[in-house]
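# A structural walkthrough
Letter by letter, the chains look like this.
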Amino acid sequence: MAAGNLWCMRSNFLFGSRCWMTRFSSETVFKSVSFRLFGVKYCNADNEPSENEELLNNLLTMGVDIGMARKRQPGIFSRMITNEQDVKMFLLSKGASKEVIASIISRYPRAITRTPESLSKRWDLWREIVTSDLEIVNILERSPESFFRSSNNLNLENNIKFLYSVGLTRKCLCRLLTSAPRTFSNSLDLNKQMVEFLQAVCRSLGHNDPTDFVRKIIFKNPFILIQSTKRVKANVEFLQSSFSLNSEELLGLICGPGAEILDLSNDCVRRNYANVKEKLFSLGCIEEEVQKFVLSYPDVIFFAEKKFNDKIDCLIEENISISQIIENPRVLDSSLSTLKSRIKELVNAGYNLSTLNITLLSWSKKRFEAKLTKLNR
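Read on for an overview of the structure. (Residues numbered from 1 in each chain as written. Predicted model: local features only at pLDDT ≥ 70, side-chain atom pairs only at ≥ 80, totals over all residues. Heavy atoms only, no water.)

When helices and strands are counted, the chain shows 20 helices and 0 strands. When contacts within the chain are restricted to residue pairs at least 6 apart in sequence, long-range pairs at least 24 apart make up 70% of them. (Helix = DSSP H or I, 4+ residues; strand = E, 2+ residues; numbered from the N terminus. Contact = heavy atoms within 4.5 Å.)

Structural data, given as structure tokens:
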């Protein structure tokens, strides 16, 4: 009996020691593996990271354009742990086709690093804004980065709550998601800073509804929240000083047709406006005419010097007066090649651009061709 007890004691001691040694060894091994997977890059003879062959085979089987993916985010292919199959199954469950999934990964390979749990949470948050899974799939097909760029779901959730709280509608938030998704990758503090700045601008201009003001600007210019307050402030001040606008006129401009100007660098705004003035002055315009032209067509501020000058010269060479252009600035919406070809077609059809309406130069292709057909009868 004593011998049996002694054997049991020795056995328990050895078993316990072995367990302790096993735990110690496994911890050491797993720590080593974890470090090797995420901290060490396997290199080839040229000292460049080697690609994960299993990952490449998986992606090829899925129909991913490997060449395109390499150009976009080459580092993905040297990762030892990825979730391409999980991402595929998740998107399939939401209605995406295999072709769409392949296209998404081809254009934004980092998508395969997202976990199913993170994707599911993010999808649920998007559904607070977007009305259906299919609509989200369509957004991802157009812009995969908008969904996969960040995995910080808490930040996304906080930004959604905040933007709703300042009066933005679901429609407006959907517009932000599709046009300026980086808004939701901003820190909450950064978005708060811009909204508070816009509210302060509103109050300084005598508007008594900051919520309405912010909503209008963001709807007109969905990129405003990814700009710096310094840039927006400089452009607001430029518009007010350059055009001698009163508070009401400035509010109307930045909430309406001039909202997108706030995105440009202030140097670019000043340079382009200076060129417009110089060109129009050279054609005999006075200050009031220049201001009328720019305020009726703020898009002209986006035109670089050569682009603007070439279009004006093209029209002037065809005996179109500068006063006609000022009255119909939208003719500058058309590209230079389109202007030239349309002018040629109209002249050949006997249309006198120097005395007749020139707005047809900016018409849609279908409408213009219908008009040209009538002229040629």
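Here, disulfide denotes a covalent bond that connects the sulfur atoms of two cysteines. This model, assessed by the stated rule, comprises 0 disulfides. Cysteine Cys 172 remains unbridged, with the sulfur of Cys 174 as its closest cysteine sulfur at 9.9 Å. Of the residues examined, Cys 172 reaches a relative accessible area of 1% and is grouped as buried. (Disulfide = S-S within 2.5 Å. Buried < 20%, exposed > 50% of the residue type's maximum accessible area, 1.4 Å probe, protein only.)

To continue, consider the nonpolar core. Grouped together as the largest cluster of nonpolar side chains are 106 residues, with contacts concentrated most on Leu 91, Phe 213, Phe 293 and Leu 361. For this core, the element with the most residues is helix H11 (residues 188–204), which contributes 7 residues. (Core = buried A, V, L, I, M, F, W, Y, C linked by side-chain atoms within 4.5 Å.)

The subject of this paragraph is the pattern of salt bridges. One side chain can pair with another of opposite charge once the charged atoms of both are near each other. Evaluated as defined, the whole model comprises 14 salt bridges. Where Lys 161 meets Glu 157, a salt bridge forms, and the shortest distance between an N and an O atom there is 3.7 Å. Of this pair, Lys 161 and Glu 157 are both found in helix H9 (residues 153–165), 4 residues apart, which corresponds to roughly one turn of the helix. Across the pair Arg 330 and Asp 333 runs a salt bridge, and its minimum N-O distance is 3.3 Å. Each member of the salt-bridge network shares a partner with another, and the members are Lys 121, Glu 157 and Lys 161. (Salt bridge = Lys/Arg side-chain N within 4 Å of Asp/Glu carboxyl O.)

What follows concerns the packing of helix H15 (residues 266–282) against helix H16 (residues 287–296). Look at H15 against H16: their axes get within 10 Å of each other, and the N-to-C directions meet at 130°. One way to sum up the angle between H15 and H16 is to call them oblique. Taken as a pair, H15 and H16 cross one another with a handedness that is right-handed. Contacts from Tyr 273, Val 276, Lys 277, Leu 280 and Phe 281 in H15 reach Glu 287, Val 290, Gln 291, Phe 293 and Val 294 in H16. Broken down by class, the residue content of the contact of H15 with H16 amounts to 7 nonpolar, 1 polar and 2 charged. (Axes fitted to C-alpha atoms, helices over the stretch in contact; angles between N-to-C directions. Parallel < 35°, antiparallel > 145°, perpendicular 65-115°, else oblique. Left-handed = near helix turned anticlockwise from the far one by under 90°. Nonpolar A, V, L, I, M, F, W, Y, C, P; charged D, E, K, R; others polar.)

Okay, the packing of aromatic side chains next. Counted by the stated rule, this structure contains 9 aromatic pairs. Taken together, a centroid distance of 5.0 Å and an interplanar angle of 80° make the contact between Phe 147 and Phe 148 edge-to-face. Neither Phe 147 nor Phe 148 differs from the other in exposure class; each is buried. Plain terms: the ring middles of Phe 243 and Tyr 273 are 5.1 Å apart, the flat faces sit at 55° to each other, and that makes the pair tilted. (Phe/Tyr/Trp six-rings, centres within 6.5 Å; stacked < 30°, edge-to-face > 60°.)

Here we come to the packing of helix H2 (residues 53–62) against helix H4 (residues 84–93). Two elements in contact, H2 and H4, have axes separated by 10 Å at closest approach and are oriented at 25°. Relative to H4, the element H2 is oriented roughly parallel. The residues of H4 that touch H2, namely those facing Leu 55, Asn 58, Leu 59 and Met 62, are Glu 84, Gln 85 and Lys 88. Per-class residue counts for the contact of H2 with H4 are 3 nonpolar, 2 polar and 2 charged.

Inspection of the secondary structure puts Gln 199 in helix H11. A relative accessible area of 16% places Gln 199 in the buried class.

In this section: the side chain of Thr 113. Mapped onto the elements, Thr 113 comes out in the loop between helix H5 (98–107) and helix H6 (116–126). Look at Thr 113 and you get buried, because its relative accessible area is 18%. When sequence neighbours within four positions are dropped, the list of residues in contact with Thr 113 reads Ile 76, Arg 79 and Asn 83.

Before going further, it helps to spend a moment on the environment of Arg 127. Inspection of the secondary structure assignment puts Arg 127 in the loop between H6 and helix H7 (133–142). When neighbours within four sequence positions are excluded, Arg 127 is seen to be in contact with Ser 132, Asp 133, Ile 136 and Arg 170. Engagement of the side chain of Arg 127 in a polar contact is seen with the backbone oxygen of Val 130, the distance being 3.3 Å. For Arg 127, the side chain forms a polar contact with the main-chain oxygen of Thr 131, separated by 3.0 Å. (Polar contact = N/O pair within 3.5 Å; in protein donor to acceptor, adjacent residues only side chain to side chain.)

Just distances and angles here, no functional claims.
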